[in-house]
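Each chain is listed here by its residues.
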Amino acid sequence: DAEITQSPRHKITETGRQVTLACHQTWNHNNMFWYRQDLGHGLRLIHYSYGVHDTNKGEVSDGYSVSRSNTEDLPLTLESAASSQTSVYFCASSVSGDNSPLHFGNGTRLTVT
Amino acid sequence: GQNIDQPTEMTATEGAIVQINCTYQTSGFNGLFWYQQHAGEAPTFLSYNVLDGLEEKGRFSSFLSRSKGYSYLLLKELQMKDSASYLCAVPNTNAGKSTFGDGTTLTVKP
């Protein structure tokens, strides 16, 4: 069955370190997204991609970057981790089109100490 | 920009019916999604409405009024496993990316 996998599931890192969260999907979806979820803020969009070599900033992109070198993967990099980036991160994918539901990975819980 | 409002918490009794409301303000409209998220898990797709009216899917139904910027999710014959957060989401006009409400945490009690 097709799926979307995030790794690691849990990560603890120190302030100032670079961290990369992996996202891999086997749906063959063009669209991929990274969201963060915090209490009181719901899901907020960080970055998204509509296809290979395409990346776009979401509403909370500062301090994050992504790259899309193939259809399956959209890694999220925190350039210099900050305590404000402690959160649960969800990767999602969808087929092209506005009426396509998002398929979410199981999330990565990141703690920045 | 887009703005979505949902109640923060709701409580209901097993076997009852509950209605979770969502109001939205958006510059363009391409439908509305409902997702269910159990604690510690990923959101999963429940329903999509793009036309006015009620869409029924088993115990769950979703309603949309575009003129009022209003939707609700109706859950019938509540079960304990329905205790979860319910997220309302509106996709942007030119993308599949969505703006989410903060979610409504539903607690079902025996």
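Everything discussed here concerns the structure shown above.
These remarks concern the structure in this document. (Residues numbered from 1 in each chain as written. Chains lettered and ligands numbered in written order. Predicted model: local features only at pLDDT ≥ 70, side-chain atom pairs only at ≥ 80, totals over all residues. Heavy atoms only, no water.)

**Considerations on the pairing of strand E9 (residues 87–94) of chain A**
All names here are of chain A.
Point 1. Extensive coverage of E9 is indicated by the burial of eight of its eight residues.
Point 2. Where burial is concerned, the two faces of E9 agree: the one with Ser 87, Tyr 89, Cys 91 and Ser 93 and the one with Val 88, Phe 90, Ala 92 and Ser 94 are both buried.
Point 3. Taken together, the seven bridges between strand E4 (residues 31–38) and E9 define a ladder with antiparallel strand orientation. Its bridge partner being in E9, Met 32 is matched across the sheet by Ser 93.
Point 4. Taken together, the two bridges between E9 and strand E10 (residues 103–104) define a ladder with antiparallel strand orientation. Opposite Ser 93, over in E10, you have His 103 as the bridge partner. (Buried < 20%, exposed > 50% of the residue type's maximum accessible area, 1.4 Å probe, protein only. Helix = DSSP H or I, 4+ residues; strand = E, 2+ residues; numbered from the N terminus. Pairing = 2+ DSSP bridges.)

**Re the sheet that holds strand E1 (residues 4–7) of chain A**
Residue and element names in this part refer to chain A.
Point 1. As summarised here, the arrangement of the four strands in space is E1-E3-E8-E7, forming an open sheet in which the pairing is antiparallel. Edge positions in the open sheet fall to E1 and strand E7 (64–66), since each of these has one partner strand only. Within the sheet, the average angular offset between the axes of one strand and its neighbour, ignoring direction, is 20 degrees.
Point 2. Pairing between E7 and strand E8 (residues 76–78): three bridges, direction antiparallel. When the bridges of E8 are listed, Tyr 64 appears paired with Leu 78. (Axes fitted to C-alpha atoms, helices over the stretch in contact; angles between N-to-C directions.)

**With respect to the state of the cysteines**
Point 1. All chains considered together, the criterion is met by two disulfides over all chains.
Point 2. Disulfide pairing places Cys 23 of chain A opposite Cys 91 of chain A at an S-S distance of 1.9 Å. In this structure the cystine formed by Cys 23 of chain A and Cys 91 of chain A twists about its S-S bond by roughly -75 degrees; its chirality is therefore left-handed. Highlighted residues: Cys 23 of chain A in strand E3 (residues 19–25) and Cys 91 of chain A in strand E9, separated in sequence by 68 residues.
Point 3. When its relative accessible area of 1% is taken as the criterion, Cys 23 of chain A is described as buried.
Point 4. Between the sulfur atoms of Cys 22 of chain B and its disulfide partner Cys 88 of chain B the distance amounts to 2.0 Å. In this structure, the disulfide formed by Cys 22 of chain B and Cys 88 of chain B twists by about -65 degrees around the S-S bond and is classed as left-handed. Linking Cys 22 of chain B in strand E3 (residues 18–25) with Cys 88 of chain B in strand E9 (residues 84–91), this pair joins segments that are 66 residues apart in sequence. (Disulfide = S-S within 2.5 Å.)

**What to know about the sheet that holds E3 of chain B**
Residues and elements named next belong to chain B.
Point 1. Sheet architecture is open: five strands sit in the order E1-E3-E8-E7-E6, paired in antiparallel fashion. Of all the strands in the sheet, the pair left with one neighbour each is strand E1 (3–5) and strand E6 (53–57). Averaged over all pairs of adjacent strands, the angle between strand axes in this sheet comes to 15 degrees, irrespective of strand direction.

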